[in-house]
Amino acid sequence: MNILWAITGAGHLLDESIGVLEKLAENNTLTIATSNAACEVLKLYGYDKNIRQLVDKNSANMLVLDSDEKYSFPFSGKLTHHKYDVIIIAPLTANTTAKIVYGIADTLITNIAAQSGKGQIPLIVLPVDQKQGLIKTIIPPYIDKKRCINCKNCIPKDECPQNAINPPKIDTTKCISCFMCEDKCKYDAIKLNEEIELYIRKIDAENTKKLETIENIKVVLKPSEILKEIEKIEKKIELKN
Ligand SMILES: Cc1cc2nc3c(=O)[nH]c(=O)nc-3n(C[C@H](O)[C@H](O)[C@H](O)COP(=O)(O)O)c2cc1C
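Residues numbered from 1 in each chain as written. Predicted model: local features only at pLDDT ≥ 70, side-chain atom pairs only at ≥ 80, totals over all residues. Heavy atoms only, no water.

On to unusual backbone geometry, then. Cis geometry is found at the peptide bond from Ala-90 to Pro-91, where omega equals -10°. The topology assignment puts Pro-91 in strand 4 (residues 86–92). Following Pro-167, the chain continues to Pro-168 via a peptide bond in cis, the omega torsion being 0°. Tracing the chain through its elements places Pro-168 in the loop between strand 8 (165–166) and strand 9 (169–170). (Helix = DSSP H or I, 4+ residues; strand = E, 2+ residues; numbered from the N terminus.)

Shown next, in the form of structure tokens:
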């Protein structure tokens, strides 16, 4: 199948989404599209390299960045030319969810969502803000200011290959979650893979519900459900041929 997979700037469900994307890359042609926030968030969680490897896996694969597009998002206008069998947006941020449910198309990903409907290409989305209330999620590396004592010779700082550690801060535009700093701070001030509780707002959960009412969109709540939905689409294509 020819699959377009779009990624927005959500850390939640990102690891599992990349896992499904990697599975699909084994037998399908992939175009990966990223929002500007996704480019930063992928790097922060250390998935930048995975995306580049996936794109390089097959010469027909492509990477499309929001930052490479013009104001009219020409790539999304050509969705039907590329003959995509299915489009997936996973993970889908609260921000892009809100824009999609109100019909806004002012980024690469919101234009892809709008054009998928116009081109009648099935769209599967995995929104991250699903139910009002608390969720647990992993955050990117950070320095615990209560523990950092600003050592004169900071070993993690000296050894960071990205030059991203500037105590008591980690420069999130440089950090790629390579974890080379793991266990290097004797005060245990560098926190990696920390789980935090986050509150999903009512408005964001309501917007997710509204997604289900949009024609052409299939909402899934777990990354593994994407594979099941793709199987259904594959069967439909087989029957058609
Ligand atoms: C480390 C990190 C993790 C984030 N995780 C989420 C998330 O799980 N869900 C979400 O809705 N926004 C998350 N955001 C915020 C979005 O990236 C931000 O709202 C951005 O404007 C979304 O843009 P996009 O929808 O065009 O990708 C995260 C931001 C950062 C820096």
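From this point, things continue past the structure.
Our focus in this paragraph is the domain arrangement of the protein. Looking at the assigned domains, one finds that the protein contains domain 1 (2–131 + 201–240) and domain 2 (142–191). Taking only C-alpha atoms, the centre of domain 1 and the centre of domain 2 are 33 Å apart. Contact residues are listed per partner, giving 4 residues for domain 1 and 6 residues for domain 2. Where domain 1 abuts domain 2, roughly 400 Å² becomes buried across the two surfaces, and 53% of that area is made up of carbon and sulfur atoms. At the boundary of domain 1 and domain 2, one finds 0 salt bridges. At the junction of domain 1 with domain 2, the criterion picks out 2 residue pairs in polar contact (both at pLDDT 80 or more). Of the residues belonging to the side of domain 1 that touches domain 2, the class tally is 2 nonpolar, 1 polar and 1 charged. (Domains from an automatic or database assignment. Contact = heavy atoms within 4.5 Å. Buried area = accessible area lost by both parts, 1.4 Å probe. Salt bridge = Lys/Arg side-chain N within 4 Å of Asp/Glu carboxyl O. Polar contact = N/O pair within 3.5 Å; in protein donor to acceptor, adjacent residues only side chain to side chain. Nonpolar A, V, L, I, M, F, W, Y, C, P; charged D, E, K, R; others polar.)

As a further point, take the sheet that holds strand 3 (residues 62–65). Overall, parallel pairing links the 6 strands, which are arranged 3-2-1-4-5-12 in an open sheet. If you trace the sheet from one side to the other, it starts and ends with strand 3 and strand 12 (217–219), each paired once. Strand after strand, the sheet turns through a mean of 20° between neighbouring axes, direction not considered. By the bridge criterion, 4 bridges tie strand 4 to strand 5 (residues 123–127) in an arrangement that is parallel. Residue pairing for strand 5: Ile-87 is matched across the bridge by Leu-123. Lying over the sheet, helix 1 (residues 14–25) contacts strand 1 (2–7), strand 2 (29–34), strand 4 and strand 5, oriented at roughly 165° with respect to strand 1. Here helix 8 (residues 202–211) sits on the sheet in contact with strand 4, strand 5 and strand 12, set at roughly 165° to strand 5. (Pairing = 2+ DSSP bridges. Axes fitted to C-alpha atoms, helices over the stretch in contact; angles between N-to-C directions.)

Close contacts around the ligand come from 16 residues, with Gly-9, Ser-35, Thr-93, Ala-94 and Thr-96 the closest. Ala-94 is positioned such that a nitrogen or oxygen atom in its backbone is 2.9 Å from an oxygen atom of the ligand. Asn-95 is positioned with one of its side-chain polar atoms (N or O) 2.9 Å from an oxygen atom of the ligand. For the ligand, the protein covers 66% of the area, taking 640 Å² as the surface of the free molecule. Those elements that place two or more of their residues in the shell around the ligand are helix 2 (36–44) and helix 5 (94–101). Of the residues assigned to the shell around the ligand, the class counts are 8 nonpolar, 8 polar and no charged. (Near = heavy atom within 4 Å. Areas by Shrake-Rupley, 256 points an atom, 1.4 Å probe, with all protein chains shown as cover.)

Once that is clear, we can look at the pattern of salt bridges. A complete count under the given rule lists 9 salt bridges for this structure. Of the charged contacts in the structure, one is a salt bridge between Asp-144 and Arg-147, with a shortest N-O distance of 3.8 Å. Glu-229 is paired through a salt bridge with Lys-232; the nearest N and O atoms lie 3.0 Å apart. Taken as a pair, Glu-229 and Lys-232 lie in helix 9 (residues 224–240) at a separation of 3 residues, close to a single helical turn. For Glu-229, a relative accessible area of 13% gives the class buried. (Buried < 20%, exposed > 50% of the residue type's maximum accessible area, 1.4 Å probe, protein only.)

Right, let's get into helix 8. For helix 8, the set of buried residues is Asp-204, Ala-205, Asn-207, Thr-208 and Leu-211. Across the axial projection of helix 8, the buried residues extend over an arc of 155°, all falling on one side. Among the exposed residues of helix 8, those oriented more than 90 degrees off its buried face are Lys-202 and Lys-209. For helix 8, the secondary structure elements touched by its buried residues are strand 4, helix 5, strand 5, strand 11 (194–200) and strand 12. (Arc of directions from axis to C-beta.)

Another aspect to go through is the nonpolar core. Judged by nonpolar contacts, the single largest core of 31 residues is most densely connected at Trp-5, Ile-7, Ile-88, Ile-226 and Ile-230. Residue assignment for this core shows that the elements contributing at least two residues are strand 1, helix 1, strand 2, helix 2, helix 3 (48–56), strand 4, strand 5 and helix 9. A total of 6 residues in this core trace back to one element, the largest contributor, which is helix 1. Here Ile-88 is in contact with Ile-3, Leu-4, Trp-5, Ala-6, Leu-24, Leu-123, Ile-124, Ile-226 and Ile-230, once residues within four sequence places are set aside. (Core = buried A, V, L, I, M, F, W, Y, C linked by side-chain atoms within 4.5 Å.)

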